[in-house]
Amino acid sequence: MVREKDADRSVRGKQGHQLGPEAKDPTRAVVIVPVLTRQPRGDDDSSRPRLSRSADARHDEAVGLASAIDLNPVHTAVVTVTDPRPATLLGSGKVAEFADIVKERKAELVIVDHPLTPVQQRNLEKELNAKVLDRTGLILEIFGERARTKEGTLQVELAHLNYQKGRLVRSWTHLERQRGGAGFLGGPGETQIESDRRILQDKITKLKHELETVRRTRDLHRAKRKKVPFPVVATVGYTNAGKSTLFNRMTGAGVLAEDMLFATLDPTLRRVRLPHGTPIILSDTVGFISDLPTHLVAAFRATLEEVVEADLVLHLRDISDPDTAAQAEDVERILGDLGVDAADTGRVIEVWNKIDLLDEGNRERLLAESAGGKAPPVAISAATGEGIDALKALIETRVSGELETMTVTLSPAQLGQVDWLYRNGDVVSRADNEDGSVTISLTATHSARQEIESRLHRKTGS
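Rules used in this analysis
- Residues numbered from 1 in each chain as written.
- Predicted model: local features only at pLDDT ≥ 70, side-chain atom pairs only at ≥ 80, totals over all residues.
- Heavy atoms only, no water.
- Pairing = 2+ DSSP bridges.
- Helix = DSSP H or I, 4+ residues; strand = E, 2+ residues; numbered from the N terminus.
- Contact = heavy atoms within 4.5 Å.
- Axes fitted to C-alpha atoms, helices over the stretch in contact; angles between N-to-C directions.
- Salt bridge = Lys/Arg side-chain N within 4 Å of Asp/Glu carboxyl O.
- Buried < 20%, exposed > 50% of the residue type's maximum accessible area, 1.4 Å probe, protein only.
- Parallel < 35°, antiparallel > 145°, perpendicular 65-115°, else oblique.
- Left-handed = near helix turned anticlockwise from the far one by under 90°.
- pLDDT = per-residue confidence, 0-100.
- 1 Å grid on protein atoms, 1.4 Å probe; cavity = no way out; pocket = protein on both sides within 12 Å on 5 of 7 lines; lining within 4 Å.
- Points joined across faces, edges and corners; volume = space filled by probe spheres on them.
- Nonpolar A, V, L, I, M, F, W, Y, C, P; charged D, E, K, R; others polar.
- Expected span 1.5 Å × (residues − 1).

Draft legend 1. Inspection of the sheet that holds strand E10 (residues 279-284) at higher detail. Taken together, the six strands give an open sheet; going across it, the order is E9-E10-E8-E11-E12-E13, and neighbouring strands pair in mixed fashion. On the outer flanks of this sheet lie strand E9 (268-273) and strand E13 (378-379), each paired with one strand and no other. Sheet topology places E9 next to E10; six bridges connect them, and they run antiparallel. The partner of Leu269 across the bridge, within E10, is Ser283. Strands in contact with helix H10 (residues 324-337) are strand E8 (232-237) and strand E11 (312-318); relative to E11, the strand with the most contacts, it is inclined by about 155 degrees.

Right, dumping it as structure tokens:
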């Protein structure tokens, strides 16, 4: 089965901006989405999500990935593959068909939304007469364009070199050259492919050392935060779930938030004060995606450690997406690889975003289905602000304990603490006594109560 769609979006760039007359036209690309009815031999099905993603969703995601780096998808197709070929993945008939399409559409690039072996990539490039990128290579290209900080650049470069290391196949003439080896006793010397591999390995080793320095610096910063200490809350989720929009809503920051896959890559941390005064550090992390390359996860280990070390994790889901369950399973699997148990409701809060995009019937049905659970998800709209107050209240309860009612009496010498009480609790009543003391009744979190008692150096009653 083949479902095809032609498109020509060379008039506009990926963010909808009109391209000027001198702007370079986006690269013309053909996007192929193979849907395998069975996995190739030796493929471990247990490592794959149990929930299958629809072909339409995979198609839309592949086109979104291509558009995220200014590619112009001039032709897209979903292809059912019943017998994956070791040499080309696709059957010879389909390869010939796409070769004609590439030639007709004058495409310079072919995107195959599936992992390809080095041999498959080489053979497809030869048959299609165009550059071929698989899903892993495309994600790496996007990450390379999105990285802004030195750490992000190093991590992407390391992942890219590890990817390239496995792609050194004898497809070009220069790889057959030999160098070194003088006379008869010197032997044939080092082949060019061995030299290329050695140079890559040297670069990889150097990058790992630089990233280790970054990791140590991050550990120092984390240690300083623990001395304050502020609880760390990390947001995770499938790419385009709305993490950056939620981050901006809660912090007032100006992090890039667009309807685009991997709109942000480098992690951002901001201090947030919750309704009852509890300060937290909110962390915005890179979005996850299905079939995220293993070496990419390894390269971003330093960044993802913010999730591992977080006191609380917000698992943000785009509840309006038809494939939200499959996306959630992808995220949970990656969290499991990092050592975070997504089923730990004491540490992980499931947040349903984009609730405003659901019609009233679907919204009521979903909320009713989730209400009976032990830890029901929090329904929000990061775009409109709906449900944000309830989310903040739940975060504060998790990191600081349930709210408690207490009454304190401050002597004239302790009146400097009044302002702190107003900022870190909800004052119910205040009475100014004749002896100059002040009696205040308030509700505060358990940790705030302990801080109040510590400040006043005496135990208060509730």
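Back to the write-up after that little detour.
Draft legend 2. Layout of the pattern of salt bridges. What the rule picks out here adds up to 17 salt bridges. Between Arg135 and Glu61 there is a salt bridge; the shortest N-O distance is 2.7 Å. Of this pair, Arg135 sits in helix H4 (residues 135-146) while Glu61 is found in helix H1 (residues 55-67), placing the two residues 74 residues apart along the sequence. On the basis of relative accessible area, Glu61 is assigned to the buried category, the value being 10%. The salt bridge partner of Asp113 is Arg135, with a shortest N-O separation of 2.6 Å. You can see Asp113 sitting in the loop between strand E4 (109-112) and helix H3 (118-128) and its partner Arg135 sitting in helix H4, a full 22 residues away along the chain. The network of salt bridges with common partners includes Arg58, Glu61, Asp113 and Arg135.

Draft legend 3. Highlighting the sheet that holds strand E16 (residues 438-445). One open sheet holds the three strands; their spatial order is E14-E16-E15, and the pairing between them is antiparallel. Across the chains shown, the open sheet's two edge strands, defined by having one partner strand only, are strand E14 (403-410) and strand E15 (426-432). Pairs of neighbouring strands in the sheet enclose a mean axial angle of 15 degrees, with direction left out of account. As paired strands, E15 and E16 are joined by six bridges and run antiparallel to one another. Note on E16: the bridge partner recorded for Val427 is Leu442. Sheet strands touched by helix H14 (residues 446-456): E14 and E16. Its angle to E14, the strand with the most contacts, is close to 15 degrees.

Draft legend 4. Geometry of the packing of H1 against H4. Across the interface, H1 lies against H4 with an axial gap of 9 Å and an inter-helix angle of 40 degrees. With respect to H4, the axis of H1 lies oblique. Handedness of the H1/H4 crossing: left-handed. Contact residues: Glu61, Leu65 and Ala66 in H1; Arg135, Leu138 and Ile142 in H4.

Draft legend 5. Layout of the pairing of strand E3 (residues 71-81). Within E3, 10 of the 11 residues are buried, which leaves it mostly tucked inside the rest of the structure. With 10 bridges connecting them, strand E2 (residues 27-36) and E3 associate as parallel partners. When the bridges of E3 are listed, Thr27 appears paired with Leu71.

Draft legend 6. The arrangement of the confidence of the model for the protein chain in detail. A residue-level look at the protein chain finds 77% of positions with pLDDT of 70 or above and a mean pLDDT of 79. Predicted confidence for residues 8-23 stays below pLDDT 50, and this span has 27 contacts to residues more than four positions away or in other chains. Between residues 170-189, whose pLDDT stays under 50, and residues either more than four places distant or in other chains, the model counts 29 contacts.

Draft legend 7. Inspection of empty space enclosed by the protein at higher detail. Under the definition given, this model contains two cavities of 30 Å³ or more. Computed from the structure, the second largest cavity encloses a volume of approximately 40 Å³. Taken together, Tyr238, Ala241, His315, Leu316, Arg317, Asp318, Thr324, Gln327, Ala328 and Val331 make up the full set of residues lining the second largest cavity. Sorting the residues of the lining of the second largest cavity by element identifies E11 and H10 as the ones contributing at least two each. A per-class count over the lining of the second largest cavity returns five nonpolar, three polar and two charged.

Draft legend 8. Highlighting the environment of Asp100. With respect to the helices and strands, the residue Asp100 is situated in helix H2 (residues 92-105). When its relative accessible area of 54% is taken as the criterion, Asp100 is described as exposed.

Draft legend 9. How the structure looks around the environment of Arg85. If you trace the backbone, Arg85 turns up in the loop between E3 and H2. Taking the relative accessible area as the measure of exposure, Arg85 reaches 37% and is therefore partly exposed. Along the backbone, Arg85 and Gln120 are 35 residues apart, and their C-alpha atoms lie at a distance of 8.7 Å. In contact with Arg85, other than residues within four places in its own chain, are Leu90, Gly91, Ser92 and Gln120.

Draft legend 10. Quick peek at helix H5 (residues 150-165). The end-to-end C-alpha distance of H5 is 22 Å, a good match for the 22 Å that 16 residues give at a rise of 1.5 Å each. All of the buried residues in H5 are Glu151, Gly152, Leu154, Gln155, Val156, Leu158, Ala159, Leu161 and Tyr163.

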